[in-house]
Amino acid sequence: MKIIMLGAPGAGKGTQAKKIAEKYSIPHISTGDIFRANIKNGTELGKKAKTYMDQGLLVPDELVVDLVIDRFAQDDCANGYVLDGFPRTIPQAEALDAALAKINEKIDYAINVEVPDENIIKRMSGRRACVSCGATYHLEHIPPKKEGICDTCGAELILRDDDKPETVQKRLNVYHEQTQPLIDYYTSKNVLKEVDGTVDMAEVFAAIVKVLGE
Ligand code: AP5
Ligand code: MG
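Since we're looking at a predicted model, the values are computed, not measured. (Residues numbered from 1 in each chain as written. Chains lettered and ligands numbered in written order. Predicted model: local features only at pLDDT ≥ 70, side-chain atom pairs only at ≥ 80, totals over all residues. Heavy atoms only, no water.)

Caption draft 1: Main features of the pairing of strand S1 (residues 2–6). The buried fraction of S1 amounts to five of the five residues, a majority that puts the element mostly inside the structure. Burial along S1 is two-sided: the face carrying Lys 2, Ile 4 and Leu 6 and the face carrying Ile 3 and Met 5 are both buried. When S1 meets strand S3 (residues 81–84), the two strands line up parallel, connected through four bridges. Paired with Ile 3 across the strands is Val 82, a residue of S3. (Buried < 20%, exposed > 50% of the residue type's maximum accessible area, 1.4 Å probe, protein only. Helix = DSSP H or I, 4+ residues; strand = E, 2+ residues; numbered from the N terminus. Pairing = 2+ DSSP bridges.)

Caption draft 2: Inspection of the packing of aromatic side chains at higher detail. Summed over the entire model, instances satisfying the criterion amount to two aromatic pairs. With 4.2 Å between their ring centres and 5 degrees between their planes, Phe 72 and Tyr 81 make a pair best called stacked. Here Phe 72 and Tyr 81 have matching classes, each one buried. Between Tyr 185 and Tyr 186, the ring centres sit 4.9 Å apart and the planes meet at 80 degrees, which makes this aromatic pair edge-to-face. (Phe/Tyr/Trp six-rings, centres within 6.5 Å; stacked < 30°, edge-to-face > 60°.)

Caption draft 3: Local environment of the packing of helix H4 (residues 61–71) against helix H5 (residues 90–102). At a closest axis distance of 10 Å, the pairing of H4 and H5 adopts a crossing angle of 30 degrees. Considered as vectors, H4 and H5 are oriented roughly parallel to each other. Helix-helix and strand crossings are classified by hand; for H4 and H5 the assignment is right-handed. Side by side, H4 and H5 meet where Asp 61, Val 64, Val 65 and Ile 69 of the first sit next to Pro 91, Gln 92, Ala 95, Leu 96 and Ala 99 of the second. Broken down by class, the residue content of the contact of H4 with H5 amounts to seven nonpolar, one polar and one charged. (Axes fitted to C-alpha atoms, helices over the stretch in contact; angles between N-to-C directions. Parallel < 35°, antiparallel > 145°, perpendicular 65-115°, else oblique. Left-handed = near helix turned anticlockwise from the far one by under 90°. Contact = heavy atoms within 4.5 Å. Nonpolar A, V, L, I, M, F, W, Y, C, P; charged D, E, K, R; others polar.)

This is how it looks when you write it as structure tokens:
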């Protein structure tokens, strides 16, 4: 099963993609997480990506596409994957389709997690991310057991640099301009499924499972 998660920054793509990956035993591929891991490890890719990410801008397509397509070659992708944060532009979607067409494959579902802009800024200011393992929490909705400390690995929890309110607004603008057109793109391919992302996380997941089948 090959799934794409669509939605504004903070819509809950990462939260839901993790649950989908567990339930259907497929890998969760998040380009944002890949870039953040590269930034943490001080790689060349990380240095380049950081300059765009900190401003709320997209990393150029040429730095993203090959990275994701190369990832598909790994054994764990044999039964599919859930893509979170990719594609994010029409050229990325076209490159993905072209790479899949070469091996006679295609995307099965593009799930759009819908959350209005008004809800997003509030959500993002409450998100906390682990500096070490990347696990995410929310001060109100999924608080860590011990304040400021990751339940999974014990490292420090921080507000992501790009989660500051002014950067979130910029990311929302970039989303509307460059990523929202993908909704029409996948509608025309008959794979788009919409779910309401404003309800409780468990309810959002139940709606997704209904779309994907048990
Ligand atoms: P990326 O990491 O993908 O960020 P994003 O798309 O902006 O999305 P987020 O991770 O911020 O949100 P999410 O939808 O995953 O929400 P989450 O589940 O965490 O990308 C970061 C940057 O990398 C980009 O800005 C860009 O620069 C670059 N980049 C990445 N991919 C790229 C690409 N393909 N091309 C070019 N550049 C790229 O949830 C948010 C919060 O809300 C959490 O705290 C969560 O706990 C909470 N929450 C989730 N669901 C609910 C709910 N139902 N109710 C209440 N709270 C909820
Ligand atoms: Mg995410």
